[in-house]
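Residue strings, one per chain:
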Amino acid sequence: MVTPVNPPPLDRTSPPQRTDAWRQPAAGLSEGVRVRVLRAVYGDQRAAAELLPLLTERQLTGADPLPTEPAELAPALLREHRAEIRVLPDDTRLLLLLAAADQYPVSTDAFLRAVVAARLDTRCLDAAEAAGIAHAGAGGVAFRDAWTRIAAYETGTPADRRDVHRLLARVLRGESETPSRSWHRGAGALGPSGRLAAELSAAAGRAADTGRLSVARSLAERAAALCPDPAEQHRLTARAAVYAWRSGDGDRARRLAATAADDALGGVLALRAGNATEAFDALLIGVGAAAPTASDRGASPLAAPLSVAPSAVTPSTSRTATPAASRAVTPAASRTASPAASRTASPAASRTASPAASRTVPSADPRAVPPAATRTVPSADPRAVPPAIPGALTSVTPSAITPPTPATHLLARATEAAVYTGDLRRLREAARVAGRLGVVAPGTLGGLVAAFDGRYADARDLLKSAAGRCGPGGDPTVLIHAAIAALLLGDHTRAATATVRAAASARARGTPVTVPQAMEFRAYADFWTGRPRAGEAAATDALWQAHATGQDNGACHLQAALAMFAALTGDADVCRERAATARSYALARGLGLPAALAQWALAFLDLSSGRFAAAAARLRALAGFGPGHGHRAIRHLATPHYVEAAVRTGDTRVARVAHADYDRWAGTVLSPDDLALSARCRALLAPGEEAVDHYRTALDLHSRGTRDFERARTELLFGSALRRLRRRTEARDRLHSALEAFDSFGAPHCATQARTELRALGTPAAPARTAPDSPTVTLTAQQLLVARMAADGATNREIAVRLALSPRTIDHHLRGVFTRLGIRSRIELVRLLAESDEPGSG
């Protein structure tokens, strides 16, 4: 089997061979950099150990992208491998060079055909096999590892490399092999060639259309290297950066984007790995540059995946650049735009290398905007309530969906930037820009603007329209926005469905970069519906993917989500560690959403542990935090918990105010879950017997909703209230029901509260389950993952590195595993896990 061109990142459950030189310095790296370093060096720990001293301080902290060229990653290791290959016979080295060129950096599967065409003798590979470097197989040559394959290619002379590429190009004749043939033709070129650059550009478009984004990136990057026109070079480089980003190669995308001078691309990258406030400004500038003219608004726009930087996709008609695009957003946005967003390229960039290329990549010049977009948009006063939402924000219905345009893509990204920062006031700016340019905005934008202005009925209608766009196979970002809208409406079933479909659609389209973002919002649905084990497992996997693809902002959001799951399952140490990690990163970059979610996780941990004053203080502080530190949506979602904590501490004045706004929203969207929680708040704020009817109303509404965990908390609070009213029989029934639910959810702190209430009734409660039939039942998802790694022989430190946690946290997890399973050694752990994995067990 031929070694793949870019081996996938190491499976987290399959640890690489460790070296002492890597273990010690790796412990001091942030988890994101640690994952990316291992991914960059194909999981080779020796290469990773060699790379660390070569990195700058900014690279070690994740501020700058890592190197991407092999000679920059591990030069000593590469020299060692090249020395091994140089001692082989010339014929052997030629075959290895041919095999490597067929696999690296683009896999073309043409080795055997090339051997036949050139009448080469494959018996020469015996020397390579004897040296342990490579061996021949049915599909070609299998190298010992990725670095050996790279060394085999690097060892060849430039002339030899060109010769083998030309040979491979000659044998690739199939229609589907056009991108591969173009790649080898470009790799065999002696110097710049506009004709070859155009061919490679067109081939990149075809590869991207079939989901082969890594191949498309290589083709576009090679086209840029061969292009004699500097302006066209910038455009092709921007295109290569887009492909690199969508394929999950964040470091390469950032390096390419640094030379591309593209506002929209810079905004997309900043949204996921930089300053989200600067991303918002750059994206709004990009909206103006991508907006259609009045004459072509009625034409069928070229819809592109929303995960693509919209500047890389445009209708085939290129438009002349005008300097006014930078004035298409508010002056404030222009003044605060990131450095990447302020750079411009020559208008010559609008020229295309080929007809196919012109349909895929437009000018990278942010000044290239149609006349209709040159009008200055007045600065929006955040204190002023805007007039009625423009028609562009209100006319979208599920039955009248138009294909997404590049400007729509960017507007969706700008909406996400405001959501992540928590500065929802800036959405008004985006709404004004959309209205003036005639851009159809996503329903989430209009819905959030309306909600922020207190127009809840308008917000409900717009969000319902957005949530309705969650059909299978849709655009991943449209589905993610549908999930966000569904969460705001309290429809968690639809939110979960939309996020799962978004992840599936992203994988099918070859855009793994979108998968972690979908899982960020899936976590909310899993938490509310009482699926902590499934949610924790999915979020842990998504966290690794976010780190591997360079999406540090998304990783921060997932850290906060994992803190929330840890609070629910009673893992106090993990909750505090995750929350501290998320908040320290979020506060440094103005990410109000993860900062607020982490604060809520800590407050919920206090609430479920009976520390009501601490919980009330945290949630009261959350209500006072502004953008960058807090988030209005999280504050709203946490209102039922704040009311509970405030009532327990006797401070109900602010709780009543908070509940009034929550009740108004619940009464508008008519979500059974929101109405149930509002009724529970009303019961908590009501005196004595008056609370009973409110609790009954809440439970009746819960029966029609999906928040099973909150229903159990309502039963707990109702049972406690009934106990104080001396209604012992009904109180006992409610508390037993709550206890059973908490045990099934794996929420020990809440279960302890239910047992305490039952003991106060004088009723014996079932003891906490300590040794169920299967470890998969009793352990949390995180504990089960740690247990399996420990059973496989990994040390605590190795597990910590692979899961991006501290060794102390792993120690805590293993102690919890041993306690829950009632065992004392790893030998017993291996036996129990082996038994649970047997067919028919557990």
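Since this is a predicted model, take the numbers as computed values, not measurements.

### Some points on the overall build of the protein
Within the protein one finds 47 helices and 2 strands. A burial count over the protein gives 60% of its 842 residues as buried. Put simply, of all contacts in the protein between residues at least 6 apart along the chain, 71% involve residues at least 24 apart. Carbon together with sulfur atoms contributes 54% to the accessible area of the protein, which is approximately 31,200 Å² in total.

### A short note on helix 40 (residues 708–724)
Given 3.6 residues per helical turn, the α-helix brings residues three or four places apart onto the same face. End to end, helix 40 covers 25 Å across 17 residues, agreeing with the expected 24 Å (1.5 Å per residue, within 8%). Helix 40 sits mainly inside the fold: 13 of its 17 residues count as buried. Positive backbone phi, approximately 65°, marks Arg 726, located one or two places after helix 40.

### Some details on the packing of aromatic side chains
For the structure shown, the criterion picks out 13 aromatic pairs. With 5.7 Å between their ring centres and 70° between their planes, Tyr 104 and Tyr 153 make a pair best called edge-to-face. Of the two residues, Tyr 104 is situated in the loop between helix 7 (90–103) and helix 8 (111–118) and Tyr 153 in helix 10 (residues 146–155); the sequence distance between them amounts to 49 residues. Between Phe 521 and Tyr 524 the ring centres are 6.3 Å apart and the planes differ by 20°, which places this aromatic pair in the stacked class. Here Phe 521 pairs with Tyr 524, and both are found in helix 29 (residues 515–528), just 3 residues apart, close to one helical turn. Comparing Phe 521 with Tyr 524 shows no difference in burial state: the two are buried. Through pairs of rings, three or more aromatic residues link up here, namely Phe 527, Trp 528, Trp 600, Phe 604, Phe 709, Phe 742 and Phe 745. Against the face of Tyr 456 rests Arg 664, its NZ or CZ located 4.2 Å from the ring centre. Above the ring of Trp 528, the side-chain terminus of Arg 707 is found at 4.1 Å from the ring centroid.

### A look at the environment of Gly 719
Secondary-structure assignment places Gly 719 in helix 40. On a C-alpha basis, the gap between Gly 719 and His 736 in space is 8.9 Å, while along the polypeptide they are 17 residues apart. Once residues within four sequence positions are removed from consideration, Gly 719 is found in contact with Ala 731, Arg 734 and Leu 735.

### Points about the pairing of strand 1 (residues 134–137)
Pairing geometry for strand 1 and strand 2 (residues 140–143), over 4 bridges, is antiparallel. Directly across from His 135, in strand 2, lies its bridge partner Ala 142. With antiparallel pairing between neighbouring strands as the criterion, strand 1 and strand 2 make up a hairpin whose turn holds 2 residues.

### What about unusual backbone geometry?
A cis amide bond, omega 0°, links Tyr 104 with the succeeding residue Pro 105. Here Pro 105 is to be found in the loop between helix 7 and helix 8. Here the phi dihedral of Asp 109 falls at roughly 55°; this positive angle occurs in a residue that is not glycine. Residue Asp 109 is classed as exposed on the basis of its relative accessible area of 54%. Phi angles above zero are rare outside glycine, and Arg 119 is one such case at about 55°. Relative to the elements of secondary structure, Arg 119 occurs in the loop between helix 8 and helix 9 (126–130).

### Remarks on the environment of Ala 457
Looking at the element boundaries, Ala 457 is found in helix 26 (residues 456–467). Through-space distance from the C-alpha of Ala 457 to that of Val 669 is 7.7 Å; in sequence the pair is 212 residues apart.

### Description of the packing of helix 11 (residues 158–171) against helix 12 (residues 178–187)
Closest axis-to-axis distance for the helix 11/helix 12 pair is 8 Å, and the angle between their directions is 155°. One element, helix 11, and the other, helix 12, form an angle in the roughly antiparallel class. When you trace helix 11 past helix 12, the crossing you get is left-handed. Of the residues in helix 12, those touching helix 11 at Arg 162, His 165, Leu 168 and Ala 169 are Arg 181, Trp 183, His 184, Arg 185 and Ala 187. For the contact of helix 11 with helix 12, the residue count by class is 4 nonpolar, 2 polar and 3 charged.

### Topic: helix 13 (residues 194–209)
Its 16 residues place the ends of helix 13 23 Å apart at the C-alpha level, agreeing with the 22 Å of an ideal helix rising 1.5 Å per residue. Among the residues of helix 13, those classed as buried are Leu 196, Ala 197, Ala 198, Leu 200, Ser 201, Ala 202, Ala 203, Ala 204, Gly 205, Ala 207 and Ala 208. Phi for Gly 211, located one or two positions after helix 13, is positive at around 80°.

### Description of the packing of helix 7 against helix 11
Between helix 7 and helix 11, the shortest axis-to-axis distance is 10 Å and the interhelical angle comes to 60°. Relative to helix 11, the element helix 7 is oriented oblique. Like other packed secondary-structure pairs, helix 7 and helix 11 cross with a definite hand, here right-handed. Contact residues: Leu 94, Leu 97, Leu 98, Ala 101 and Asp 102 in helix 7; Asp 160, Arg 161, Val 164, His 165, Leu 167 and Leu 168 in helix 11. Partitioned by chemical class, the residues of the contact of helix 7 with helix 11 number 7 nonpolar, 1 polar and 3 charged.

### Quick look at the pattern of salt bridges
For the structure shown, the criterion picks out 45 salt bridges. Salt-bridge contacts for Glu 520 lead to Arg 272; the nearest nitrogen and oxygen are separated by 2.7 Å. With Glu 520 in helix 29 and Arg 272 in helix 17 (residues 263–273), this pair connects stretches of sequence that are 248 residues apart. For the residue pair Glu 520 and Arg 272, the accessibility class agrees, reading buried in each case. Overlapping salt bridges, with partners in common, bring together Glu 69, Arg 217, Glu 221, Asp 249 and Arg 252 in one network.

### Let's talk about the environment of His 557
Topologically, His 557 is positioned in helix 31 (residues 552–569). Judged by its relative accessible area of 0%, His 557 falls in the buried class. Within polar-contact distance, the side chain of His 557 engages the side chain of Glu 520 at 2.7 Å.

### Describing the nonpolar core
In terms of nonpolar packing, the biggest core is built from 174 residues, with Leu 411, Trp 600, Ile 634 and Phe 742 touching the most fellow members. Ranked by residues supplied to this core, first place goes to helix 31 with 12 residues. Every residue in contact with Trp 600, bar those within four places of it in the chain, is listed here: Trp 528, Met 564, Leu 619, Ile 634, Leu 637, Ala 638 and His 641. In terms of nonpolar packing, the next biggest core, distinct from the first, is built from 50 residues, Ala 26, Val 33, Leu 66 and Leu 172 among them.

Definitions and cut-offs
- Residues numbered from 1 in each chain as written.
- Predicted model: local features only at pLDDT ≥ 70, side-chain atom pairs only at ≥ 80, totals over all residues.
- Heavy atoms only, no water.
- Helix = DSSP H or I, 4+ residues; strand = E, 2+ residues; numbered from the N terminus.
- Buried < 20%, exposed > 50% of the residue type's maximum accessible area, 1.4 Å probe, protein only.
- Contact = heavy atoms within 4.5 Å.
- Areas by Shrake-Rupley, 256 points an atom, 1.4 Å probe, with all protein chains shown as cover.
- Expected span 1.5 Å × (residues − 1).
- Phe/Tyr/Trp six-rings, centres within 6.5 Å; stacked < 30°, edge-to-face > 60°.
- Lys NZ or Arg CZ within 6 Å of the ring centre and 35° of its normal.
- Pairing = 2+ DSSP bridges.
- Axes fitted to C-alpha atoms, helices over the stretch in contact; angles between N-to-C directions.
- Parallel < 35°, antiparallel > 145°, perpendicular 65-115°, else oblique.
- Left-handed = near helix turned anticlockwise from the far one by under 90°.
- Nonpolar A, V, L, I, M, F, W, Y, C, P; charged D, E, K, R; others polar.
- Salt bridge = Lys/Arg side-chain N within 4 Å of Asp/Glu carboxyl O.
- Polar contact = N/O pair within 3.5 Å; in protein donor to acceptor, adjacent residues only side chain to side chain.
- Core = buried A, V, L, I, M, F, W, Y, C linked by side-chain atoms within 4.5 Å.

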